[in-house]
Amino acid sequence: MKEYALLAFFLFSGFSVAIAQDSTETQNSLRSGTITSQFDYIYRVSNGFQEYEVVKKANLEQLKSNVLDSIRTLSKKATDLNIQLQSLNDSVVIVKQLLTAEVAQKNEAIANRDNFSFLGIGIQKTVYSSLMWMLVVLLSGALAFFAFQYFKSFGRIKKAENDFLDVREEFELHRKNTLDRERKLKRELIDAQLGKN
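Residues numbered from 1 in each chain as written. Predicted model: local features only at pLDDT ≥ 70, side-chain atom pairs only at ≥ 80, totals over all residues. Heavy atoms only, no water.

All right, on to the overall build of the protein chain then. A tally of regular secondary structure across the protein chain gives four helices and four strands. Sequence-ordered secondary structure for the protein chain, helices as α and strands as β, is α-α-β-β-α-β-β-α. Burial analysis of the protein chain (197 residues in total) assigns 6% to the buried set. Across the protein chain, contacts joining residues at least 24 apart in sequence account for 26% of those joining residues at least 6 apart. (Helix = DSSP H or I, 4+ residues; strand = E, 2+ residues; numbered from the N terminus. Buried < 20%, exposed > 50% of the residue type's maximum accessible area, 1.4 Å probe, protein only. Contact = heavy atoms within 4.5 Å.)

Structure (structure tokens):
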């Protein structure tokens, strides 16, 4: 029985070693794995002759095919990345153009906010405000000057009216006196004419 157990143990060990070798070979074969692992596999399975390594032509062809396939894949990825990069560059250019247009619109809006058209002339609000305040000050000065002139003239007119009334009173008094004198002279003349006759 020991012999059977020992034989079963050796068979099981040999079988598990063969499975392990097969699994590592499939892991590191030319059919799967990275390019580096495929080169390592080629070195392992190749035979040495003096200082050279003898590689099977089929393995070399398979490795070449895998490398070319990897290069094609990487080249396609590079082309796709270049297309994406060009698309992003185009997007950046479009965004820059939009940004430039928005900045120009913003500057125009600020200029329009600070400027407006008055009688067909573009004027800044600060200049317009200054001109309006100068106009208000000028008109207030003119109003004050004319009010002063009016009140000064009003005073002269009142004085002239008072002088006129005084002169009128004097004139009336003088007229009355003159009329009285005239009457007196007429009576005297009539008396003198009657007295002669």
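Right, let's get into the confidence of the model for the protein chain. Taken over all residues, the pLDDT of the protein chain has a mean of 81, while the share at 70 or more is 85%. Confidence over residues 14-27 falls short of pLDDT 50; this stretch has three contacts with residues more than four positions distant or in other chains. (pLDDT = per-residue confidence, 0-100.)

In a regular helix each residue adds 1.5 Å, so 58 residues correspond to 86 Å; helix α3 (residues 57-114) covers 83 Å between its end C-alpha atoms and thus fits that length. N59, L63 and N66 are the residues of α3 that are buried. Buried residues along α3 sit in contact with α2 (35-45). (Expected span 1.5 Å × (residues − 1).)

This part covers the pattern of salt bridges. With the rule as written, the count across this model stands at five salt bridges. Residues K76 and D80 are paired through a salt bridge, measuring 3.4 Å at the closest nitrogen-oxygen approach. Residue K76 and its partner D80 are located together in helix α3, separated by four residues, close to a single helical turn. When its relative accessible area of 53% is taken as the criterion, K76 is described as exposed. Of the charged contacts, one joins K158 and E161 as a salt bridge, the two residues approaching to 3.9 Å between their closest N and O atoms. Separated by three residues within a single helix, K158 and E161 lie in helix α4 (residues 125-196), roughly one turn from each other. According to the relative accessible area criterion, E161 is partly exposed, its value standing at 40%. (Salt bridge = Lys/Arg side-chain N within 4 Å of Asp/Glu carboxyl O.)

As for its placement among the helices and strands, N59 is situated in helix α3. Overall, the relative accessible area of 18% leaves N59 in the buried class. Beyond its immediate sequence surroundings of up to four residues, N59 is in contact with L30, I42 and V45.

This part covers a nonpolar patch on the surface. Side chains of F49, Y52 and V54 sit close together on the surface and give an oily, nonpolar patch of about 330 Å² of accessible area. Overall, V54 belongs to the partly exposed group, its relative accessible area being 42%. (Patch = residues over 30% accessible without salt bridge, like charges linked within 9 Å, V, L, I, M, F, W, Y side chains within 5 Å. Areas by Shrake-Rupley, 256 points an atom, 1.4 Å probe, with all protein chains shown as cover.)

Glancing now at the packing of α2 against α3. One way to put it is that α2 packs onto α3 with a least axis distance of 11 Å and a crossing angle of 170 degrees. As judged from the angle between their axes, α2 and α3 are roughly antiparallel. Across the interface between the two elements, I35, Q38, F39, I42 and V45 of α2 pack against N59, L60, L63, N66, V67 and S70 of α3. Residue composition of the contact of α2 with α3, grouped by class: seven nonpolar, four polar and no charged. (Axes fitted to C-alpha atoms, helices over the stretch in contact; angles between N-to-C directions. Parallel < 35°, antiparallel > 145°, perpendicular 65-115°, else oblique. Nonpolar A, V, L, I, M, F, W, Y, C, P; charged D, E, K, R; others polar.)

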